[in-house]
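# Chains, contacts and geometry: an overview
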Amino acid sequence: GLASHLVFSPPPGARTYYLSVEGFGTNAGAYTVNFGCGAVAASPTAAPTMPSSLSTVLAAAPVIACGNSIAGSTVGGSSVLPTGTSLERIYRVVVTATTLRPIVLETCFHTYDTIIRVWSIAGTSIRSLAVNDDHGGACPAGSGATGVGSHVVWTPPAGAGTYYVSVEGFLTAVGNYTLTMNCGTATAGLATALAAAPALACGASDTSTTVGGTSVLSIGAAPERIYRIVVTAATPRPLTISTCVSSFDSYIRLFDSVGTSMVAFDDDHGGDCVGGTNGLASHLVFSPPPG
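Let me sum up the structure you'll find in this document. (Residues numbered from 1 in each chain as written. Predicted model: local features only at pLDDT ≥ 70, side-chain atom pairs only at ≥ 80, totals over all residues. Heavy atoms only, no water.)

### Re the overall build of the protein
- Per the secondary structure count, the protein includes 2 helices and 12 strands.
- Along its sequence from the N terminus, the protein presents helices and strands in the succession α-β-β-β-β-β-β-β-β-α-β-β-β-β.
- Evaluated residue by residue, the protein yields a buried proportion of 35% over its 291 residues.
- In the protein, the share of contacts with a sequence separation of at least 24, taken over all contacts with a separation of at least 6, comes to 68%.
- Of the roughly 16,600 Å² of accessible surface on the protein, 59% is carried by carbon and sulfur atoms. (Helix = DSSP H or I, 4+ residues; strand = E, 2+ residues; numbered from the N terminus. Buried < 20%, exposed > 50% of the residue type's maximum accessible area, 1.4 Å probe, protein only. Contact = heavy atoms within 4.5 Å. Areas by Shrake-Rupley, 256 points an atom, 1.4 Å probe, with all protein chains shown as cover.)

What follows is the structure, given as structure tokens:
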């Protein structure tokens, strides 16, 4: 059961891909790789079919949409996909013709050793479309992840469809994670909005409104206000950013220097705001890397 068998359907059109063959852990050895196109020939191992309990789990799978971040845990999760011995959590992704591509799925904001997989499941057909174990540097520095977070960039084919995303642990590991889904690349007007963003310095406050704000960060439908934060080697750590004195249901997100990768976020403060607010304000603590 240690060999590998991959079925992949590239989107229409011409493009170049790269295939790697490596050993599990630190293993090295001889192998033969076979490459076929078109109808898949019979494999020595029968193709996986839908377990009887899978349809129940899929029907109950919560939807994750562009701009969403969902906190979860694989503790007590299901084990219905042909992946291994680890427990998984499954989410449903509904793609339309207008969904921005590519789709980025990541579990960067934790230290739990996760694996993300994207699935096409129809009837008894279960196909793995994309997978990532350790992110290989794709998770932003300072995001709170070690090398064991996961980061998948996946481009669905044109048109509409329903897909599934699973989060599982490496081998038998279980733990807490936050799954984030972002769609599309930088939108038109992003560079202009970043250049015009007012600076927010340590100890400063700003009172404003998102009414009439921009919508250039490819996160969701709500308008946003953008601020520029300049960090130097001498800037005290950590940074604390909050909207605690507001009753507005806010969402704080922190992006990299080009505005295309989210490095930290907070929705409802979870008790970090003290007095004078409801549970809908945001409170973010973030430690930038040195420099």
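From this point, the discussion proceeds with the structure in view.
### Focus on the side chain of Glu-106
- Tracing the backbone shows Glu-106 in strand S3 (residues 103-106).
- Polar contacts involving the side chain of Glu-106 include one to the side chain of His-151, which spans 2.8 Å. (Polar contact = N/O pair within 3.5 Å; in protein donor to acceptor, adjacent residues only side chain to side chain.)

### A closer look at the state of the cysteines
- Tallied over the full model, the rule gives 2 disulfides.
- Cys-244 shares a disulfide with Cys-273; S-S distance 1.9 Å. Since a negative S-S torsion denotes a left-handed disulfide, the Cys-244-Cys-273 link at about -75° is left-handed. Here Cys-244 is found in the loop between strand S9 (239-242) and strand S10 (252-255), whereas its partner Cys-273 is found in the loop between strand S11 (262-266) and strand S12 (283-286), with 29 residues between them in sequence. Across this residue pair, the class does not change: Cys-244 and Cys-273 are buried. (Disulfide = S-S within 2.5 Å.)

### Focus: the pattern of salt bridges
- The final tally for this structure, using the stated rule, is 1 salt bridge.
- For the salt bridge of Glu-168 with Arg-117, the shortest nitrogen-to-oxygen distance reads 2.7 Å. Residue Glu-168 is found in strand S7 (residues 161-169), and its partner Arg-117 is found in strand S4 (residues 114-122); the two are separated by 51 residues along the sequence. (Salt bridge = Lys/Arg side-chain N within 4 Å of Asp/Glu carboxyl O.)

### Comments concerning the packing of aromatic side chains
- Tallied over the full model, the rule gives 1 aromatic pair.
- One cation-aromatic arrangement involves Arg-253 over Tyr-251; the distance from NZ or CZ to the ring centre is 4.0 Å. (Phe/Tyr/Trp six-rings, centres within 6.5 Å; stacked < 30°, edge-to-face > 60°. Lys NZ or Arg CZ within 6 Å of the ring centre and 35° of its normal.)

### Quick notes on the sheet that holds strand S2 (residues 88-95)
- The 4 strands are arranged S2-S7-S4-S5 in an open sheet whose pairing can be described as antiparallel. Strands with a single pairing partner mark the edges of an open sheet, and in this sheet they are S2 and strand S5 (125-132). The average angle at which neighbouring strand axes cross in this sheet is 30°, direction not considered.
- Two strands pair when backbone bridges link them, and S2 and S7 are joined in this way by 8 bridges, in the antiparallel orientation. The partner of Tyr-91 across the bridge, within S7, is Val-165. (Pairing = 2+ DSSP bridges. Axes fitted to C-alpha atoms, helices over the stretch in contact; angles between N-to-C directions.)

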